[in-house]
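# Structural overview for review
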Amino acid sequence: MTLSVDQAMQAFAPALPVAVAYSGGADSTALLHACAQRWPGQVYAIHVHHGLQAAADTFEAHCRAVCAQLQVPLAVVHVDARHAKGQSPEDAARQHRYAALAAHAKTAFHTPAASVALAQHADDQVETLLLALSRGAGVAGLAAMPACWRNDDLDWHRPLLAVRAADIRVWLKARGIDWVEDPTNAQDCYTRNRIRLQLLPVLEQVFPQFRDTFARSSAHAAQARQLLQELAQMDLQVVGNPPQIKLLQSLSTERQANVLRHWLLQEYGVTPSAAQLQELQRLIAACRTRGHQIHCKLGYGFAVRKGTVLGWYNP
């Protein structure tokens, strides 16, 4: 169920010190103030300066002023967020942002952070789920964003994931706390913005509890994703790493697809499209002679046959 900011923060128990990803917007402002009040002297802030818009310097100046007032150490990280060919600008910015947060949480302060706190909220979770549905995603996509996980030797948390965006702003206004508005949030050229501005108000009218019910669906998908991952790990031990083509052929179509997805993501960070994976499975099924070759586009590289096993390379 949805929570208030105070309820969410009461349940938040990160390993300290905790670094807050602080953009200057309403959500991260609420998170930073709540953390600084609860754990004085144990909170850091990291501001990632993407340089993608004219207002970026204004955001940085605002963050510096707020952190000075709160006596919270601040690290400002300038990143080159340009996207590669075939990569969306949003994905590129997100990858650069997370890499910068991980690196600076461990190195920018006198005592390395043990945790990183991100300010995504319940409306962000709904938007993520709807985007996944629009793309025909499987259970991994429908699981949306996890509330906590561990990566890069850090604990990552989204303590406001059950809090409505509107309730965060009410919380800030009640305390007289200012924030900056990102002008791109009002631009309808971005799909996520159109969902927020046009679709969520309609869902609110038709299904008033949609945030709670959508969150339950994502939780069910997350459980299914975990089971599929455990099955893939078991199957990968059987088929080998890299996978033996003959042993892949012994699996059902569904288990073969599952273990291939797991292997590609684990070893190469590659998530193939459904069409690419189907084509690879067709080639694997047809690979019955010593001279049969496999060369299949997958993500930003190619799957190939290397003797008796399957390989992948980035040209």
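Residues numbered from 1 in each chain as written. Predicted model: local features only at pLDDT ≥ 70, side-chain atom pairs only at ≥ 80, totals over all residues. Heavy atoms only, no water.

### Thoughts on the pattern of salt bridges
Evaluation of the coordinates by the stated rule reveals twelve salt bridges. The closest approach of N and O atoms between Asp6 and Arg175, which form a salt bridge, is 3.5 Å. A residue pair is termed long-range when its members are at least 10 positions apart, and Asp6 in helix 1 (residues 5-11) and Arg175 in the loop between helix 7 (165-174) and helix 8 (191-206) qualify at 169 residues. Judged by its relative accessible area of 44%, Asp6 falls in the partly exposed class. (Salt bridge = Lys/Arg side-chain N within 4 Å of Asp/Glu carboxyl O. Helix = DSSP H or I, 4+ residues; strand = E, 2+ residues; numbered from the N terminus. Buried < 20%, exposed > 50% of the residue type's maximum accessible area, 1.4 Å probe, protein only.)

### Let's talk about the nonpolar core
Ranked by internal contacts, the top residues of the largest apolar core, which has 30 residues, are Met9, Leu31, Leu32, Cys35, Val43 and Leu172. Within the residue set of this core, elements represented by two or more residues are helix 1, strand 1 (18-21), helix 2 (26-38), strand 2 (43-49), helix 3 (56-70) and helix 7. Beyond its immediate stretch of four places on either side in the chain, Leu172 contacts Ala26, Thr29, Ala30, Ile177 and Trp179. Formed by 22 residues, the second largest nonpolar core is a distinct cluster that contains Leu236, Leu280, Ile284 and Ile294. (Core = buried A, V, L, I, M, F, W, Y, C linked by side-chain atoms within 4.5 Å. Contact = heavy atoms within 4.5 Å.)

### Re helix 11 (residues 253-268)
Given a rise of 1.5 Å per residue, 16 residues ought to cover 22 Å, and the 22 Å separating the end C-alpha atoms of helix 11 matches this to within 8%. Along helix 11, the positions that sit buried rather than exposed are Gln256, Ala257, Asn258, Val259, Leu260, His262, Trp263 and Leu264. Turning to helix 11, the residues buried within the fold contact helix 9 (210-239), helix 10 (245-249), helix 12 (274-286), strand 7 (295-298) and strand 9 (309-313). Among the residues trailing helix 11, Gly269 stands out with phi positive, at a value near 65 degrees. (Expected span 1.5 Å × (residues − 1).)

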